[in-house]
Amino acid sequence: AHLQPFPPPQPVYGALPAAIPGHGRGGTGLKAATTLTLQVPDELVPGLLGKGGSVMRDIEERSRAKVRVAQKGDLVPGTNNRLVTITAGAHNEAHNAYLMVAHRIGFA
């Protein structure tokens, strides 16, 4: 059996208002967004980003979600992990991006 060196990333689901152009009623331009936050081991981040950010851009285009990775050296205290935040206008978009991230770093 192949053992994973790290536990799979666990998403943290949340909702917060986010301005999404073209959405909302009453002129507010606001729609509830789904946000997932997960920790990714620092050594796996280059594979998630891809050359010049190409992999991350592909994930964003295909899922319609925004994926943000903490800056190099900005680690979760007491770990060697960086935070990855996924934000989307719909739960399924955020979930699809999460699945693509998990697949890319070898946890799916």
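Cut-off values and rules
Residues numbered from 1 in each chain as written. Predicted model: local features only at pLDDT ≥ 70, side-chain atom pairs only at ≥ 80, totals over all residues. Heavy atoms only, no water. Core = buried A, V, L, I, M, F, W, Y, C linked by side-chain atoms within 4.5 Å. Buried < 20%, exposed > 50% of the residue type's maximum accessible area, 1.4 Å probe, protein only. Helix = DSSP H or I, 4+ residues; strand = E, 2+ residues; numbered from the N terminus. Contact = heavy atoms within 4.5 Å. Salt bridge = Lys/Arg side-chain N within 4 Å of Asp/Glu carboxyl O.

(A) Expanded view of the nonpolar core. Ranked by size, the top nonpolar core spans 22 residues in total, and within it Leu38, Leu48, Ile59, Val67, Val84 and Ile86 carry the most contacts. Residue assignment for this core shows that the elements contributing at least two residues are strand 2 (30-41), helix 1 (45-49), helix 2 (54-63), strand 3 (66-69), strand 4 (81-88) and helix 3 (91-104). In terms of residue count, the dominant contributor to this core is helix 3 (six residues). Setting aside chain neighbours within four positions, we find Val84 in contact with Leu36, Thr37, Leu38, Val40, Leu48, Val67, Arg68 and Val69.

(B) Region of the structure containing the pattern of salt bridges. A complete count under the given rule lists four salt bridges for this structure. Among the ionic pairs, Arg82 bridges to Asp42, the shortest N-O distance being 2.9 Å. Highlighted residues: Arg82 in strand 4 and Asp42 in the loop between strand 2 and helix 1, separated in sequence by 40 residues. A relative accessible area of 8% means that Arg82 is categorised as buried. Arg68 is the salt-bridge partner of Glu60, the closest N and O atoms lying 2.8 Å from each other.

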